[in-house]
Amino acid sequence: MNYERILVFGAHPDDEIAMGGTMAKLSRQGAEVVVVTMTDGCEGYPSEDMRDKVVELRRQEMADCDEVLGIGRRIALGRPDMGLVNDKETLQECIRIIRDVRPDAMFTHGPHEHHRDHANTHAITVEAQWHAGQPVVAALGPSYRTPHVYYYKAVMDRRASVVIDVSDTEHLKALARGTQVSQHTLFGRTKQQFEQEAERIRTSGARYTESLWFAERTVLHDFPGKGL
Ligand SMILES: [Zn+2]
């Protein structure tokens, strides 16, 4: 997986951490990691008193997470949490981003999601990847076909297509979750517990992996040795 530039779509601030080990690994190898966060996370407040400040908090948490995982650029589309709509404007914005970033590989939510924002992120980004490669809407930039498209979670009916060894970077995922302070009630752990977990993982010597699935439209003849 020696990509030079990857583009990761997540519905909410923190969804991308599910593949945080892979992002950190690629970033350490010199790859440019770009994350698109579709919504502002405005409904992710565990108590009423946080309601007015949660968006601002999550903006800071995204920046802190970027630093931990080596995410070079974060594009926050700012759609309302629980209100992401698969509309023309959002589709075209994603087409424009794909054509602008021109990633070697794109990563997005899989097809088996409960949260409407996750399901819509899946639908919008898979379609945007296809349109981006077509000779249409030239105003959004020159056509670009992202060669490899993966799902990083929410695939229940197939074995993983690729399993990444993230033993060297798994601890950074725990640290990244530690930066998402507004979500600690949901995660059931404090920042200090995440830091302890990170240290335990880092010194354990155990093997850690992340699973990725080829999206249905991935053209396998680009993969060396696949012979398709
Ligand atoms: Zn989410």
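Before any of the text, the structure's been laid out above.
Please read all numbers here as calculations on a predicted model, not as lab measurements.

Reading guide: rules and limits
- Residues numbered from 1 in each chain as written.
- Predicted model: local features only at pLDDT ≥ 70, side-chain atom pairs only at ≥ 80, totals over all residues.
- Helix = DSSP H or I, 4+ residues; strand = E, 2+ residues; numbered from the N terminus.
- Rg over C-alpha atoms; globule rule 2.2 N^0.38 Å.
- Buried ≥ 20, exposed ≤ 12 C-beta atoms within 10 Å, placed from the backbone.
- Contact = placed C-beta atoms within 7 Å.
- Pairing = 2+ DSSP bridges.
- Axes fitted to C-alpha atoms, helices over the stretch in contact; angles between N-to-C directions.
- Right-handed = clockwise from strand over helix to strand, strands pointing away.
- Core = buried A, V, L, I, M, F, W, Y, C linked by C-beta atoms within 7 Å.
- Parallel < 35°, antiparallel > 145°, perpendicular 65-115°, else oblique.
- Left-handed = near helix turned anticlockwise from the far one by under 90°.
- Nonpolar A, V, L, I, M, F, W, Y, C, P; charged D, E, K, R; others polar.
- Expected span 1.5 Å × (residues − 1).
- Arc of directions from axis to C-beta.

What the chain contains, in helices and strands, is seven helices and seven strands. When the helices and strands of the chain are read in sequence order from the N terminus, they spell out β-α-β-α-β-α-β-α-β-β-α-α-α-β. For 228 residues, the compact-globule formula gives about 17 Å, and the C-alpha radius of gyration of the chain, at 17 Å, lands near that figure. Expressed along its principal axes, the backbone C-alpha trace of the chain runs to roughly 50 × 45 × 35 Å. For the chain, with 228 residues in total, the buried portion stands at 43%. Residue pairs at least 24 apart in sequence account for 80% of intrachain contacts in the chain once pairs closer than 6 positions are excluded.

With that out of the way, let us pick up the sheet that holds strand 4 (residues 105-108). Ordered by their spatial adjacency, seven strands build an open sheet running 3-2-1-4-5-7-6, and the pairing between neighbours is mixed. Edge strands, defined here as strands with exactly one partner in the open sheet, are strand 3 (73-79) and strand 6 (162-165). Geometrically, the sheet is characterised by an average inter-axis angle of 25 degrees between neighbouring strands, direction not taken into account. In this structure, strand 4 lies alongside strand 5 (residues 148-151), joined through four bridges in parallel fashion.

To continue, consider unusual backbone geometry. Phi at arginine 102 is positive, roughly 50 degrees, even though this residue is not glycine. When you line up the elements, arginine 102 lands in the loop between helix 3 (88-101) and strand 4. Positive phi, close to 60 degrees, is recorded for alanine 154, a residue that is not glycine. Relative to the assigned elements, alanine 154 resides in the loop between strand 5 and strand 6. Here alanine 154 falls in the partly exposed class, since 18 other C-beta atoms lie within 10 Å of it.

Judged by which residues are buried, strand 5 turns out to be covered on both faces: His148 and Tyr150 on one side and Val149 and Tyr151 on the other are all buried. On the question of chirality, the crossover connecting strand 4 to the parallel strand 5 by way of helix 4 (residues 116-132) is right-handed. With two bridges connecting them, strand 5 and strand 7 (residues 209-214) associate as antiparallel partners. From the neighbouring strand, tyrosine 151 faces strand 7, where its bridge partner is tryptophan 213.

The next subject is the nonpolar core. Within the largest apolar cluster, 47 residues are counted, with the highest numbers of intra-cluster contacts made by Val8, Val33, Ile98, Phe107 and Tyr150. Here tyrosine 150 is in contact with Ala105, Phe107, Leu212, Trp213, Phe214 and Ala215, once residues within four sequence places are set aside.

Moving on to the environment of alanine 198. Residue position: alanine 198 is located in helix 7 (residues 191-204). Along the backbone, alanine 198 and leucine 175 are 23 residues apart, and their C-alpha atoms lie at a distance of 6.1 Å. Leaving out residues up to four positions away in the same chain, alanine 198 has contacts with His171, Ala174 and Leu175.

Our focus in this paragraph is the packing of helix 2 (residues 54-69) against helix 5 (residues 170-178). Viewed as axis vectors pointing N to C, helix 2 and helix 5 meet at an angle of 165 degrees, and their least axial separation amounts to 9 Å. Here helix 2 lies roughly antiparallel to helix 5, going by the angle between them. In this structure, helix 2 meets helix 5 at a crossing whose hand is right-handed. Note on element contacts: helix 5 touches helix 2 through Leu172, Leu175 and Ala176, opposite Cys65, Val68 and Leu69. Here the contact of helix 2 with helix 5 is composed, by residue class, of six nonpolar, no polar and no charged.

Here we come to helix 2. Compared with the 22 Å implied by 1.5 Å per residue over 16 residues, the 22 Å span of helix 2 between its first and last C-alpha is a close match. Turning to helix 2, its buried residues are Val54, Val55, Arg58, Glu61, Met62, Cys65, Asp66 and Leu69. Along the axis of helix 2, the buried positions cluster into a sector of 145 degrees, meaning they face one direction only. Relative to its buried face, helix 2 has exposed residues pointing more than 90 degrees away, namely Glu56 and Glu67. Those residues of helix 2 that are buried are in contact with helix 1 (20-28), strand 2 (32-39), strand 3 and helix 5. The first or second residue beyond helix 2 is glycine 70, which carries a positive phi of 75 degrees.

Purely geometric stuff here, so don't read any function into it on its own.
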